[in-house]
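Topology and contacts: notes
Chain by chain, the residues run as shown.
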Amino acid sequence: MDIKNIGSFNPPVRTLMGPGPSDVHPRVTSAMARPTIGHLDPSFVGMMDEVKVMLQYAFQTENELTIPVSAPGSAGMETCFVNLVEPGDKVVICQNGVFGGRMQENVTRAGGTAVMVKDEWGTAIDPAKLEQALSEHPDARLVAFVQAETSTGVQSDTKTLCEIAHKHGCLTIVDAVTSLGGSPLKVDEWGIDAIYSGTQKCLSCTPGLSPVSFNEAAQEKIRNRKTPVQSWFLDLNLVMGYWGEGVKRAYHHTAPVNPLYALHESLVMLKEEGLTNSWARHQANHQLLKKGLEAMGLSFLVDEKDRLPQLNAVVIPDGVDEAEVRSRLLNEYNLEIGAGLGALAGKVWRIGLMGYSSNPKNVMFCIGALEKILTDMKAPINQGAAMAAIA
Ligand SMILES: Cc1ncc(COP(=O)(O)O)c(C=O)c1O
């Protein structure tokens, strides 16, 4: 590439209906374009306090330690593991998709031992298997799992899994990257001890920040560590010096000022809509998509009771070149949907209805474009039925 030919980057305008990022609300992008100020400016510090309060609302928690980590969801995951796992700790991980596997990596790299409890991809985590694993490993200290598996479109019964973990004296780490703002999540009521999420899915915000929350029990475990947290950047004891209460903030790192304006605006919008209304909107748009897809003759990977409304794993019809469908959607309609990941590559499409992308107009657009392309490709679908079903 010749550097002389490089100019400003102007991205194409797409409709994002994949596994994330989702479309960002214009209010959020325009908030992001506001003037950058110092990250210790009193006005910025006041905004940080508002972000914390609104994140507490989004997570449904009163946890003091509720902040956005200055990096994407993977950093939120790592914040939970490096702070809560000490060398020698045994952690039970329930895995039913890609992201449970990443938890295992995190535990091992933090010097812990991971006990894997596996469920088939596309099914919810089986609480009975967790119960059995904890009976077989009474020395386990933590239980970790993904509430909303983006790789499969499955949601697991977080309240029940937390109850089982606590009965066996374990703290819980929950991945809520895809659930926050999009489907029911109640940190305090369900007894979640540590949780992390991302901004690029159901919050209608840009990628790059990771809201986390830790309750008193989790903080106590961190305070009583025998060894220092191996990551300087993610050590919560240090991060809290910056995000703590009041105006006396110590410099830790330069906060991503403009992305935090974006998060602030997206949380204001969530508050205006109302959390339960947002959950209901995601559910209603999922139902509309389901109606159209089923009329077309397509089916879902996941049992109805375990389906995530915001991430729809759709079984690819026999004989269809799934990559060609996705590339035609992108090239002809500027519409992005996701491919299957890992064990589900080539078997499903992942259609996201997250945040600002979750609206009836997008559902009609996606169903119409998919129907046209599959008809052109002579795929085995009920031609002409889908749009009629959802009109
Ligand atoms: C369930 C889940 N966990 C973790 C992550 C990692 O987040 P990020 O890509 O923002 O680092 C993702 C991203 O899609 C996810 O879906």
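A short tour of the structure in this document, coming up. (Residues numbered from 1 in each chain as written. Predicted model: local features only at pLDDT ≥ 70, side-chain atom pairs only at ≥ 80, totals over all residues. Heavy atoms only, no water.)

This part takes up the overall build of the protein. The helix and strand inventory of the protein stands at 14 helices and 13 strands. Looking at the protein as a whole, 57% of its 391 residues are labelled buried. Of all intrachain contacts in the protein linking residues separated by at least 6 positions in sequence, the fraction that spans at least 24 positions is 71%. Separation of charge centres in the protein, based on 34 positive and 43 negative side chains, amounts to 3 Å. (Helix = DSSP H or I, 4+ residues; strand = E, 2+ residues; numbered from the N terminus. Buried < 20%, exposed > 50% of the residue type's maximum accessible area, 1.4 Å probe, protein only. Contact = heavy atoms within 4.5 Å. Lys, Arg positive; Asp, Glu negative; His and termini not counted. Charge placed at Lys NZ, Arg CZ, Asp CG, Glu CD.)

Next up on the list: the pairing of strand β13 (residues 348–352). Consecutive side chains of a regular strand alternate in pointing toward one face of the sheet and then the other. For β13, the tally of buried residues reaches 5 of 5 residues, placing the bulk of the element in the interior. Sheet topology places strand β11 (residues 311–315) next to β13; 5 bridges connect them, and they run antiparallel. Looking at the pairing, Ala 313 lines up with Arg 350 of β13. Pairing geometry for strand β12 (residues 335–339) and β13, over 2 bridges, is antiparallel. Each bridged residue has a counterpart across the sheet, and for Ala 339 the counterpart in β13 is Trp 349. (Pairing = 2+ DSSP bridges.)

Bringing the sheet that holds strand β10 (residues 210–214) into the picture now. The strand order β2-β10-β9-β8-β5-β3-β4 describes an open sheet built from 7 strands, whose pairing is mixed. Sheet topology places β2 (65–69) and β4 (113–118) at the edges, where each strand pairs with a single neighbour. Sheet twist, expressed as the average angle between the axes of neighbouring strands with direction ignored, equals 15 degrees. As paired elements, strand β3 (residues 90–95) and β4 share 6 bridges and run parallel to each other. (Axes fitted to C-alpha atoms, helices over the stretch in contact; angles between N-to-C directions.)

This part is about the packing of helix α5 (residues 127–136) against helix α6 (residues 158–167). Contact pair α5 / α6: the axes reach a minimum separation of 10 Å and the direction vectors enclose 10 degrees. Regarding the angle of α5 to α6, the classification is roughly parallel. Viewed along their axes, α5 and α6 form a crossing whose handedness is right-handed. Residues Pro 127, Leu 130, Glu 131 and Leu 134 of α5 pack against Thr 160, Leu 161, Ile 164, Ala 165 and Lys 167 of α6. (Parallel < 35°, antiparallel > 145°, perpendicular 65-115°, else oblique. Left-handed = near helix turned anticlockwise from the far one by under 90°.)

Here we take up the pattern of salt bridges. Two side chains bearing opposite charge may form a pair once their charged atoms approach each other closely. One pass over the structure, following the stated rule, counts 20 salt bridges. Residue Lys 129 is joined to Asp 119 by a salt bridge in which the shortest nitrogen-to-oxygen separation is 3.0 Å. Placement of the pair is Lys 129 in helix α5 and Asp 119 in the loop between β4 and α5, with a sequence separation of 10 residues. The class for Lys 129 is partly exposed, based on a relative accessible area of 33%. It is possible to trace a salt-bridge network through shared partners that takes in Arg 27, Arg 34, Glu 265 and Glu 272. (Salt bridge = Lys/Arg side-chain N within 4 Å of Asp/Glu carboxyl O.)

Next up on the list: a nonpolar patch on the surface. A grouping of Met 1, Ile 3 and Ile 6 is seen on the molecular surface, where their side chains present a nonpolar patch of about 450 Å² in accessible area. Checked against the element boundaries, Met 1 lands in the segment before β1 (15–17). (Patch = residues over 30% accessible without salt bridge, like charges linked within 9 Å, V, L, I, M, F, W, Y side chains within 5 Å. Areas by Shrake-Rupley, 256 points an atom, 1.4 Å probe, with all protein chains shown as cover.)

Tracing the sequence through the fold places Gln 383 in the loop between α13 (360–376) and α14 (385–390). Using a relative accessible area of 52% as the deciding quantity, one classes Gln 383 as exposed. A C-alpha to C-alpha distance of 9.1 Å links Gln 383 and Ala 295, two positions 88 residues apart in sequence. Non-local contacts of Gln 383, meaning those with residues more than four positions away in its chain, are made with Glu 371 and Thr 375.

All residues in the neighbourhood of the ligand are listed as Pro 72, Gly 73, Ser 74, Phe 99, Val 146, Ala 148, Thr 150, Asp 175, Val 177, Thr 178, Gln 200 and Lys 201. Between the ligand and the protein, one listed contact pairs a nitrogen atom with a side-chain N or O atom of Asp 175 at 2.6 Å. A distance of 2.7 Å is found between an oxygen atom of the ligand and a side-chain nitrogen or oxygen belonging to Lys 201. About the coverage of the ligand: the protein hides 85% of its 390 Å² of free accessible area. Considering only residue class, the shell around the ligand consists of 5 nonpolar, 5 polar and 2 charged. (Near = heavy atom within 4 Å. Polar contact = N/O pair within 3.5 Å; in protein donor to acceptor, adjacent residues only side chain to side chain. Nonpolar A, V, L, I, M, F, W, Y, C, P; charged D, E, K, R; others polar.)

Ranked by size, the top nonpolar core spans 84 residues in total, and within it Phe 44, Leu 84, Val 92, Ile 173, Leu 185, Phe 214 and Leu 267 carry the most contacts. The leading source of residues in this core is helix α10 (residues 257–273), at 9 residues. Core analysis: the next-biggest nonpolar cluster, separate from the first, contains 28 residues, Leu 288, Val 363, Leu 370 and Ala 379 among them. (Core = buried A, V, L, I, M, F, W, Y, C linked by side-chain atoms within 4.5 Å.)

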